[in-house]
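If you want the building blocks of each chain, they are given just below.
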Amino acid sequence: MRVAYRDNPAIAGTVNLIRSWERGEIAEPTMSTSSGPKATIRNHIFAIFERYPHVGRVLMVIGKYSQSVPFLLVVDEAGQFFDMAGKEVVVDG
């Protein structure tokens, strides 16, 4: 997928989708994060859905051509994509 900021298309990159979560997929947070990073990520995703009722889906992506850290994009009910700072991004692919 190609991701670019709507207000500055020059800031763009190609990413691979690692995982996506739909609203309601995570019923409740994990009470213990001692089970590793997977539970911590699920708790973070759960918290996003709890805090932002307009978010319908969360995507975890990573840069295709770099060893970047995975990052999250959120998709609102209208199908618009945003980074975690609330800046709109355009996703192709």
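These figures come from a predicted structure and were not determined experimentally.

Topic: the overall build of the protein chain
Scanning the protein chain for helices and strands turns up 1 helix and 6 strands. For the protein chain, the N- to C-terminal ordering of α and β elements is β-β-α-β-β-β-β. For 93 residues, the compact-globule estimate of 2.2 N^0.38 gives 12 Å, and the C-alpha radius of gyration of the protein chain, at 14 Å, lies within 12% of that figure. Reported as C-alpha extents along the three principal axes, the dimensions of the protein chain are approximately 40 × 30 × 20 Å. Looking at the protein chain as a whole, 29% of its 93 residues are labelled buried. Nonlocal contacts in the protein chain, meaning residues at least 24 apart in sequence, comprise 44% of its contacts between residues at least 6 apart. In the form shown here, the protein chain has an accessible surface area of approximately 6,000 Å², with 55% of it arising from carbon and sulfur atoms. The average position of the 10 basic charges and that of the 10 acidic charges among the side chains of the protein chain differ by 6 Å.

Procedures and definitions
Chains are numbered independently. Their residues run from 1 in the order of the written sequence. With pLDDT at 70 or above as the cut-off, local features in this predicted model cover only qualifying residues; side-chain atom pairs require 80 or more to be listed or tallied, and sums for whole chains, interfaces and linings still use all residues. Just so you know, side-chain values use all the structure's heavy atoms and leave hydrogens and water out. A run of DSSP states H or I qualifies as a helix once it reaches four residues; a run of E qualifies as a strand once it reaches two. Both are numbered from the N-terminal end. C-alpha atoms define the radius of gyration, and 2.2 Å times the number of residues to the power 0.38 defines the globule rule. Between buried and exposed lies partly exposed: a residue is buried under 20% and exposed over 50% of the maximum accessible area for its type, with that area taken using a 1.4 Å probe on protein chains only. Residues count as neighbours in contact if any of their non-hydrogen atoms are within 4.5 Å of one another. Note on areas: Shrake-Rupley, 1.4 Å probe, and residue coverage restricted to the protein chains presented here. Positive residues here are Lys and Arg, negative ones are Asp and Glu, while His and the chain termini are left out of the count. Charge coordinates come from a single atom per side chain, which is NZ of Lys, CZ of Arg, CG of Asp or CD of Glu.

Shape is all these values report; function is a separate question.
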